[in-house]
Amino acid sequence: MSTGERAAKPRRLPRRPASSLSEHWTRIDGVDVFYREAPGPAGARTMMHVHGFGLSGRYLLPTAERLVHTFHTLVPDLPGFGRSGGSPRGLAVPDLAHAAVRFLDDRGVEKATLVGNSMGCPVILEFAHHYPDRIDRAVLVSPAGGAYNRPMTRAVLQLAKDGGREPMRMVKVAVPDYLRFGVASTVIMFDALTNYPSLERLLELTVPTLVVIGDRDPLMPDPERVRELVAETDDHVVIVRLEGAAHAINFSEPDELAYLIEQFMADRPIVQGATPAQRSYEIHRSRHLPAPGE
């Protein structure tokens, strides 16, 4: 039996579903790709959640689950990550963006809103760069990459600091994914991610974009610095600061993040104190987007 024939054999689903989303396998460009899906209400817009560095889509599920009643929800493990097979094209950010659009092709989705965390944000930016007609809106949560995370020793220290700020239950989700991803892939992906022109691509975006930044995220510059950089351009961005949040907001702050996404998708402003438990507020809103109260 050839290697190709062995790879084509049906893959097993996890014994216990990790969420209310249904779990599936598909095959894209010869690679087995694992994903989770919820159809949403009839006619719902599609929202795809894109995971971060070394991780699978599993840690994105807390936020994704809170949005399944509004959106057709997709949470794939990109090739090379999680349960999915290795990527024959490599682990560069453009490779992952192309894989994301081929996944949407496989699911018969013409256009989607993309929600990413960490490395998922550069993947979304590259997706928008190559396929501007395929993205409706972008949600960038704790975007990573670029000079702020170089060299690797600095990034390791940032990750270590963040680990102490994330919920302990994140360990159970993240450690198996990191072990599966491996050291060699980590080195390759780190180089690709930190050399990616994240800011330049962000400033190119013409679709409405929500950026969510935690004020306790050691992998990100100060939120005010991000606001200053974006405010200098003719952008389409809303930046929201979430007090008390670290890097993996999609996992640790699902109620707050789902609320922010719903507000953004409905073109409603994120006003401080709108709900009793709210810890988020806008620090920048583009003049191209609806102003508060409109």
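Residues numbered from 1 in each chain as written. Predicted model: local features only at pLDDT ≥ 70, side-chain atom pairs only at ≥ 80, totals over all residues. Heavy atoms only, no water.

Student: What's the story with the overall build of the protein in this structure? I'm lost.
Tutor: Each helix and strand counted, the protein has eleven helices and nine strands in total. Expressed as a percentage of the 294 residues in the protein, the buried residues total 54%. Of the contacts made within the protein by residues no fewer than 6 positions apart, 73% connect residues no fewer than 24 positions apart. Summed over its atoms, the accessible surface of the protein is roughly 13100 Å², and 53% of this surface lies on carbon and sulfur atoms. (Helix = DSSP H or I, 4+ residues; strand = E, 2+ residues; numbered from the N terminus. Buried < 20%, exposed > 50% of the residue type's maximum accessible area, 1.4 Å probe, protein only. Contact = heavy atoms within 4.5 Å. Areas by Shrake-Rupley, 256 points an atom, 1.4 Å probe, with all protein chains shown as cover.)

Student: What should I look at first to understand unusual backbone geometry in this one?
Tutor: With glycine set apart, most residues show a phi of negative sign, and most peptide bonds adopt trans. Unusually for a residue other than glycine, D29 sits at a positive phi of about 50°. Its location among the elements puts D29 in the loop between β1 (22-28) and β2 (31-38). Positioned with a positive phi, S118 is a non-glycine residue whose angle comes to about 55°. Relative to the elements of secondary structure, S118 occurs in the loop between β5 (112-117) and α4 (120-130). S118 gets classed as buried once you look at its relative accessible area, which sits at 7%.

Student: Help me understand the side chain of T194 in this model?
Tutor: Mapped onto the elements, T194 comes out in helix α7 (residues 183-194). A distance of 2.9 Å separates a polar atom in the side chain of T194 from the backbone oxygen of F190. (Polar contact = N/O pair within 3.5 Å; in protein donor to acceptor, adjacent residues only side chain to side chain.)

Student: Any chance you could explain the pairing of β5 here in plain terms?
Tutor: Side chains on a regular strand alternate between the two faces of the sheet. Most of β5 is tucked away, with six of its six residues classed as buried. Neither face of β5 is open: one carries A112, L114 and G116, the other T113, V115 and N117, and all of them are buried. Taken together, β5, α4 and strand β6 (residues 135-141) constitute a β-α-β crossover, and its handedness is right-handed. (Right-handed = clockwise from strand over helix to strand, strands pointing away.)

Student: I would appreciate a short explanation of the sheet that holds strand β8 (residues 237-242) in the present structure.
Tutor: Each strand in a sheet pairs with another by means of backbone hydrogen bonds, the pair being arranged parallel or else antiparallel. Reading across the sheet, the nine strands line up as β1-β2-β4-β3-β5-β6-β7-β8-β9 and stay open at both edges, with mixed pairing between neighbours. Looking at strand neighbours, the two that pair on one side only are β1 and β9 (280-285), the edges of this open sheet. Adjacent strand axes in the sheet meet at a mean angle of 25°, parallel and antiparallel pairs treated alike. Relative to strand β4 (residues 72-76), strand β3 (residues 46-50) is paired through three bridges, and the arrangement is parallel. Of the residues in β4, the one forming a bridge with M47 is T73. On top of the sheet, α4 reaches β3, β5 and β6; it is set at about 155° to β6, its chief contact. Helix-sheet contacts for helix α11 (residues 254-265) involve β3, β5, β6, β7 (209-214), β8 and β9, and the interaxial angle to β6 is about 150°. (Pairing = 2+ DSSP bridges. Axes fitted to C-alpha atoms, helices over the stretch in contact; angles between N-to-C directions.)

Student: Help me understand the pairing of β8 in this model?
Tutor: With six of its six residues buried, β8 lies for the most part within the structure. Of the two faces of β8, both are covered, the one formed by V237, I239 and R241 as well as the one formed by V238, V240 and L242.

Student: Is there a simple way to think about a nonpolar patch on the surface in this case?
Tutor: Taken together, M168, V171, V175 and L179 make up a surface patch of nonpolar side chains, about 440 Å² in accessible area. Within the element layout of this structure, V171 appears in helix α6 (residues 169-181). Accessibility expressed as a relative area gives 44% for V171, which makes it partly exposed. (Patch = residues over 30% accessible without salt bridge, like charges linked within 9 Å, V, L, I, M, F, W, Y side chains within 5 Å. Salt bridge = Lys/Arg side-chain N within 4 Å of Asp/Glu carboxyl O.)

Student: What should I look at first to understand the pattern of salt bridges in this one?
Tutor: Side chains that differ in sign of charge can pair as their charged atoms come close. Within the structure shown, the criterion is met by 16 salt bridges. Of the charged contacts in the structure, one is a salt bridge between R137 and D267, with a shortest N-O distance of 3.0 Å. In this pair, R137 sits in strand β6 while D267 sits in the loop between α11 and β9, placing the two residues 130 residues apart along the sequence. Owing to a relative accessible area of 9%, R137 belongs among the buried residues under this scheme.

Student: How should the packing of helix α3 (residues 93-106) against α4 be read in this particular structure?
Tutor: The angle between the axes and the distance between the axes are what describe a pair of packed helices. Contact pair α3 / α4: the axes reach a minimum separation of 8 Å and the direction vectors enclose 70°. When the axes of α3 and α4 are compared, the pair comes out roughly perpendicular. Residues V93, P94, L96, A97, H98, A100, V101 and L104 of α3 pack against P122, V123, E126, F127 and H130 of α4. Of the residues in the contact of α3 with α4, the class split is ten nonpolar, two polar and one charged. (Parallel < 35°, antiparallel > 145°, perpendicular 65-115°, else oblique. Nonpolar A, V, L, I, M, F, W, Y, C, P; charged D, E, K, R; others polar.)

Student: Looking at this model, I keep getting lost on the packing of aromatic side chains. Mind explaining?
Tutor: Note on aromatic pairs: each is described by the distance of the centres and the angle between the planes. Evaluation of the coordinates by the stated rule reveals five aromatic pairs. Their ring planes at 70° and their centres at 5.3 Å tell us that Y35 and F103 sit as a pair that is edge-to-face. Of the two residues, Y35 sits in strand β2 while F103 sits in helix α3, which places them 68 residues apart along the sequence. The pair Y35 / F103 is uniform in exposure class, with both members buried. Following the ring pairs from residue to residue traces out a cluster consisting of F53, F81 and F181. Lying across the ring of F34, R83 places its NZ or CZ 5.8 Å from the centre. Between R137 and the ring centre of F264, over which it is positioned, the NZ or CZ distance is 5.1 Å. (Phe/Tyr/Trp six-rings, centres within 6.5 Å; stacked < 30°, edge-to-face > 60°. Lys NZ or Arg CZ within 6 Å of the ring centre and 35° of its normal.)

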